[in-house]
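Coordinate analysis (summary)
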Amino acid sequence: MADVAVGMIDRKPRWDRLWTVPPLLILAILFFYPLGLIARQSLGDPGTLSLAAFAEVLSSREFHDGLQHTIVIALGSTAGCLVLGFIFSLVIAFVPFPGAKFCGRLIDTFIALPTFLVTLAFTFIYGSAGLLNEGLMRLMQVDLPPVDFLYSQWGVILAETTVYTPFVMRPLLATFSQIDQAQIEVASSLGAKPWRIVRQVILPAAMPALIAGGSLCLLLTVNEFGIVLFIGAKGVITLPVLIYAKAIQEFDYTTACVIAVVNVVLSLGLYSLYRAVIAHFGGNRADMV
């Protein structure tokens, strides 16, 4: 009788598997289908399959400049986020001062803000007619603004560093909160200097969070569009901006789709590298970040 009951249970339809159908349909309609259209358009007009568009775009100077600007800005912004995020997180977590907890909570609020607000604030402060240039022009009695870095590649890097530094600080602050204070106290009682404590105690524990936060910043800055477009830096065209220019301004959809496919492949490659690095260096703490 028990075998018959087990057989009847096995023959019952697994209705719980049907719950996977709606999410898969939503992904197929909203993600895979548009992505498939982009990939198909990059291979030429309907009825043809050719890599000629890839060969033409990938060999063009315009694409090379866009790729170079994208990589330089992404690496520079990520490096700035790592340095500033680590320093600020150290101060908030280990240097007691009034309002430290409030500053830590403020990081979550800053992440939720749209990126154009920071860019707009930078324009008001560092722009040609901003507060800094207005004050310097009156002080130095000059007609031209002495500070003009905002409308260059450095201005984009500074803006992206400001926007994405909290994405490094958030996992770092979570990691620092789990560090045993007794380790720091013992190292300090044995005569270790603050820099040695940071290098030998805090930094190894923070490495998974640094890798996770830095990888996330790298992914976000590679695909950043609004900051670059809003600043309008002369001659600074990244891959997302180049896609916009080709599709919206020039109506060259094939070229835009080719660049979009390259951008997607670059992003997936960075994400795969991120997962591999996390698995190698993070160990058991990789799941925490």
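Residues numbered from 1 in each chain as written. Predicted model: local features only at pLDDT ≥ 70, side-chain atom pairs only at ≥ 80, totals over all residues. Heavy atoms only, no water.

**A look at the overall build of the protein chain**
Assigned secondary structure in the protein chain consists of 13 helices and zero strands. Taken against the 2.2 N^0.38 rule, which gives 19 Å for 289 residues, the C-alpha radius of gyration of the protein chain at 25 Å runs more than 25% over that of a compact globule. With respect to the principal axes defined by its C-alpha atoms, the protein chain has extents near 90 × 60 × 30 Å. Carbon and sulfur atoms form 69% of the exposed surface of the protein chain, whose accessible area is close to 17800 Å². Side chains of the protein chain carry 17 positive and 18 negative charges; the gap between the two charge centres is 11 Å. (Helix = DSSP H or I, 4+ residues; strand = E, 2+ residues; numbered from the N terminus. Rg over C-alpha atoms; globule rule 2.2 N^0.38 Å. Areas by Shrake-Rupley, 256 points an atom, 1.4 Å probe, with all protein chains shown as cover. Lys, Arg positive; Asp, Glu negative; His and termini not counted. Charge placed at Lys NZ, Arg CZ, Asp CG, Glu CD.)

**A word on the packing of aromatic side chains**
This model, assessed by the stated rule, comprises six aromatic pairs. The interplanar angle of 70° and the centroid separation of 6.2 Å between the aromatic rings of Phe-86 and Phe-176 together place this pair among those described as edge-to-face. With Phe-86 in helix α4 (residues 61-94) and Phe-176 in helix α8 (residues 153-176), this pair connects stretches of sequence that are 90 residues apart. A residue is classified by how much of its surface remains accessible, and Phe-86, at 14% relative accessible area, is buried. For Phe-176, a relative accessible area of 2% translates into the label buried. Put simply, the rings of Phe-86, Phe-94 and Phe-176 pair up and form one aromatic cluster. (Phe/Tyr/Trp six-rings, centres within 6.5 Å; stacked < 30°, edge-to-face > 60°. Buried < 20%, exposed > 50% of the residue type's maximum accessible area, 1.4 Å probe, protein only.)

**With respect to unusual backbone geometry**
One non-glycine residue, Gln-141, adopts positive backbone phi at about 60°. Inspection of the secondary structure assignment puts Gln-141 in the loop between α7 (131-140) and α8. For Phe-251, which is not glycine, the phi dihedral falls at a positive 55°. Checked against the element boundaries, Phe-251 lands in the loop between α12 (239-249) and α13 (253-282).

**Quick look at the nonpolar core**
Core analysis: the largest hydrophobic core is formed by 35 residues, its most contacted members being Phe-86, Leu-172, Phe-176, Ile-197, Ile-202 and Ile-231. Every residue in contact with Leu-172, bar those within four places of it in the chain, is listed here: Gly-85, Phe-86, Ser-89, Ala-206, Ala-209 and Leu-210. (Core = buried A, V, L, I, M, F, W, Y, C linked by side-chain atoms within 4.5 Å. Contact = heavy atoms within 4.5 Å.)

**Notes on a nonpolar patch on the surface**
On the surface, Leu-24, Leu-27, Phe-31, Phe-32, Leu-35, Val-264 and Leu-268 cluster together into a nonpolar patch covering about 640 Å² of accessible area. Contributing elements (two or more residues each) for the nonpolar patch: α2 (21-42) and α13. The biggest single contributor to the nonpolar patch is α2, with five residues. In this structure Leu-268 comes out as exposed when scored by relative accessible area, which is 52%. (Patch = residues over 30% accessible without salt bridge, like charges linked within 9 Å, V, L, I, M, F, W, Y side chains within 5 Å. Salt bridge = Lys/Arg side-chain N within 4 Å of Asp/Glu carboxyl O.)

**Focus: the confidence of the model for the protein chain**
Here the protein chain averages 82 in pLDDT, while 91% of its residues score no lower than 70. Put simply, helix α1 (residues 2-11) is where the protein chain has its lowest mean pLDDT, 50, and α4 is where it has its highest, 92. For the stretch residues 283-289, pLDDT sits under 50, and the model shows 14 contacts to residues farther than four places along the chain or on other chains. (pLDDT = per-residue confidence, 0-100.)

**Considerations on the packing of α4 against α8**
For the pair α4 and α8, the least separation of the axes is 6 Å and the interaxial angle reads 40°. Taken together, the axes of α4 and α8 lie oblique to each other. As for the relative orientation of α4 and α8, their crossing is right-handed in sense. Among the residues making up the contact of α4 with α8, the classes are represented as 19 nonpolar, nine polar and one charged. (Axes fitted to C-alpha atoms, helices over the stretch in contact; angles between N-to-C directions. Parallel < 35°, antiparallel > 145°, perpendicular 65-115°, else oblique. Left-handed = near helix turned anticlockwise from the far one by under 90°. Nonpolar A, V, L, I, M, F, W, Y, C, P; charged D, E, K, R; others polar.)

**Things to note about the packing of α4 against helix α10 (residues 194-222)**
At their nearest, the axes of α4 and α10 sit 9 Å apart, and the two run at 140° to each other. In this view, α4 runs oblique relative to α10, as classed from their interaxial angle. The two elements α4 and α10 meet at a crossing, and its hand is right-handed. Listed contacts from α10 to Thr-70, Ala-74, Leu-75, Ser-77, Thr-78, Cys-81, Leu-82, Phe-86, Leu-90 and Phe-94 of α4 are Val-198, Ile-202, Leu-203, Ala-206, Leu-210, Gly-214, Cys-217, Leu-218, Thr-221 and Val-222. Within the contact of α4 with α10, the residues separate by chemical class into 15 nonpolar, five polar and no charged.

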